[in-house]
Structure formats: C-alpha cells, structure tokens
Amino acid sequence: MTLRAFLLCLLALFPLYAGAEQVNERPILVEPQWLVNHLDDQNLVIIDARPKSAYQVGHIKGAVSLSADSTARDETGQLLALHVLQEIFRRSGVSADSLVIVYDDGSFHDAARLFWLFEVLGHAGKVAVLNAGYQEWIAAEYPITASAHAPAMTDFLVTVDPDRIGTKLAMRMALESPNKSIVDARSKAEYAGYAGDPYGRSGHIPGAINIPGGHNRVKLQGSSRLKDLSELGQIYSEIPTENQIYVYCDNGKDSALSYLALRLVGRQAAVYGGGWLEWRNDPALPIQQSVQSGTNRQGVE
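Residues numbered from 1 in each chain as written. Predicted model: local features only at pLDDT ≥ 70, side-chain atom pairs only at ≥ 80, totals over all residues. Heavy atoms only, no water.

Asks: Got a minute to help me understand the overall build of the protein in this structure?
Replies: Scanning the protein from terminus to terminus reveals eleven helices and 16 strands. Considering only intrachain contacts with a sequence separation of at least 6, the fraction spanning at least 24 residues in the protein is 75%. Accessible surface, the protein: about 13800 Å² in total, of which carbon and sulfur atoms supply 51%. (Helix = DSSP H or I, 4+ residues; strand = E, 2+ residues; numbered from the N terminus. Contact = heavy atoms within 4.5 Å. Areas by Shrake-Rupley, 256 points an atom, 1.4 Å probe, with all protein chains shown as cover.)

Asks: Help me out: how do you make sense of the packing of aromatic side chains in this one?
Replies: The geometry of an aromatic ring pair is captured by two quantities: the separation of the ring centres and the angle between the planes. Enumeration according to the criterion identifies seven aromatic pairs in this entry. Plain terms: the ring middles of Phe-115 and Tyr-259 are 6.2 Å apart, the flat faces sit at 50° to each other, and that makes the pair tilted. Residue Phe-115 is found in helix α5 (residues 109-123), and its partner Tyr-259 is found in helix α10 (residues 253-264); the two are separated by 144 residues along the sequence. For the pair Phe-115 and Tyr-259, one class covers both residues: buried. Taking the centre distance of 6.5 Å and the plane angle of 90° together, the rings of Tyr-272 and Trp-279 count as edge-to-face. Across the ring face of Tyr-134, the terminal group of Arg-50 is positioned such that the distance to the ring centre comes to 4.3 Å. (Phe/Tyr/Trp six-rings, centres within 6.5 Å; stacked < 30°, edge-to-face > 60°. Buried < 20%, exposed > 50% of the residue type's maximum accessible area, 1.4 Å probe, protein only. Lys NZ or Arg CZ within 6 Å of the ring centre and 35° of its normal.)

Asks: Just checking my understanding: could you explain the sheet that holds strand β4 (residues 64-65) for this structure?
Replies: Whenever strands of a sheet pair, they do so through backbone hydrogen bonds, lying parallel or antiparallel. Across the sheet, which stays open at both edges, the five strands sit in the order β1-β6-β5-β2-β4 with parallel pairing between neighbours. Two strands lie at the open edges of the sheet, namely β1 (29-30) and β4, each paired on one side alone. Bridge count between strand β2 (residues 44-48) and β4: two bridges; the pairing is parallel. Directly across from Asp-48, in β4, lies its bridge partner Ser-65. (Pairing = 2+ DSSP bridges.)

Asks: I keep staring at the pattern of salt bridges and nothing clicks. Help me out?
Replies: Oppositely charged side chains can pair when the atoms bearing their charge come close. If you walk through the whole model with that rule in mind, you get eleven salt bridges. Note that Arg-225 is salt-bridged to Glu-136, the shortest N-O span being 2.5 Å. Of this pair, Arg-225 sits in strand β12 (residues 223-226) while Glu-136 is found in helix α6 (residues 134-139), placing the two residues 89 residues apart along the sequence. Judged by its relative accessible area of 22%, Glu-136 falls in the partly exposed class. By sharing partners, the salt bridges in this structure join Glu-119, Asp-161, Arg-164 and Arg-263 into a single network. (Salt bridge = Lys/Arg side-chain N within 4 Å of Asp/Glu carboxyl O.)

Right, dumping it as structure tokens:
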C-alpha cells in the first residue's frame, strides 16, 4: 500500500480523522527509576519494541511485546494498513487512557519508531520513551521476567494526526516554503550520494539539512542515552524555531529518532512516511548530490 492509499483509507474507514489537539502532555522521556516506582500503576502499559525473540529471553516485568518491525510491511518502514495497526494496539492492551512507556535495546531506533507511531495514531501526550536500554535495566537489577504478559483486549480507536506524518505532496510544498525545513536523518555518505544506492537514484531531497539520527544519542557501554536537552537544542539550532520540520530516512527509524529529539526540545516536527524510498523512485522529483572529489560539488538531477 502506498502512503497516498494509506491516507485515503484513513478518511474512508475512520470518520474520527483528527488533526493536532491540545492535550495535557506528560513527559515524553522517563528515567528507569521513575518506571520502577510506577510499575504497578493501573493505566500503565509497557511496550517492549525489540524483536519478539529478544522479548522471549527476558524483558521488563509487565511489558508487552510489540516489535517496531511488526508495524511495517518490510525493511523500508512502510506502515501496515490502518485497521491492522489498530488491531495490534488493541491486542497490546492500549486503551484511550493508557500511559504507554516504550523501550528497546538502547539504540532508541525501535522505541522512537513506536513513540512516533503512537503520536500519529492519536495517543500524543500519553506515550513516553524509557531513557535506557534493556541491558541497562538488567544492570541496575530492576524487575525482569521471561514470562509473557497477555493483556486484555481493548477497544482502542485510532485517530490520525496529519501534522505528524508528511506526504510526498507536503514535501514538495516544503521545497518552496521558507517556513518549512527538511532534515535528512541518514548518514553523511548517503546524503551526499557517494555511498551509492542499490535501489535507485542517490543523493538527497534538495534543500534538506543532513543531521544523522545517531547524533541525537550518546553511546554508553552496551547501550546509549539521549543527549541532554541543551545538546539536542544545539544540534537543531540552525533551523528557525518557528519552522515546521519534516524528517526522513530510508527505513523510518533514524527519522523517528530525530522526531523524538525534536519533540523533546519543543519543535514542531513530522516524519515523511514515504521516506527516501518513495522520493527516489519518482523520476519527476528532483534529487541533489554532493560529489566527493577533492572538493564538494553540488548538483541537482
């Protein structure tokens, strides 16, 4: 299913299509000690975003397995149909008043991906990411188990926030707008176009700023943490504060990590759902390259 078809399905299947709403937001990043203190909260839903095989070996006590990869059709990150995602959320025990805490292996790729997805599908202000990976949780000797948690089925109804997911049209309009900025969250080599692309044209969307997703975190031994707010703010300081920011990558995970960082520093952001795959495969769309040969030269196809 293309992104355009996906969005059309939203309108056809769900009359409760909703834009951004004002909500009383809770913190979107929580520390391990906070989670330990709230493990028994009635409305808490802990989501393990790692592959299910990792969850089966061991996980945070009370966590439900919802692999980030299970929400996508393939490695490109293209989302599953809306009704399928709704069913996944319902089986994960998420209801309208749930506070969802997501964690992964410490890369933040999978946790950020689900964080973004929950916000897109109507749960903004009620989802947060654990600022630690599972190994760090184990090292602190916090509660773990290998027993699967099977929550009761809910009647959760998704409502889509179009301000958090960008379309090809929105990206094309952003090219001409001084009030919109585009961030390419892929590596510098992929952005420049000299890493090569086995699937099609290489380079980046014209005018995009290259800020790799990994720049948002600091690596620790066997895990990582998100950088503090002052560092994250500095990373995106060249983008005007009033601008709407569209982030993209090639699998939806680096862009989601950047989305999380931007949300933490209070910026208005959206992930381009079609990503680089959709853009590069449309020959009518322009691509910019930086060719490495002594000095960098810019070119646009």
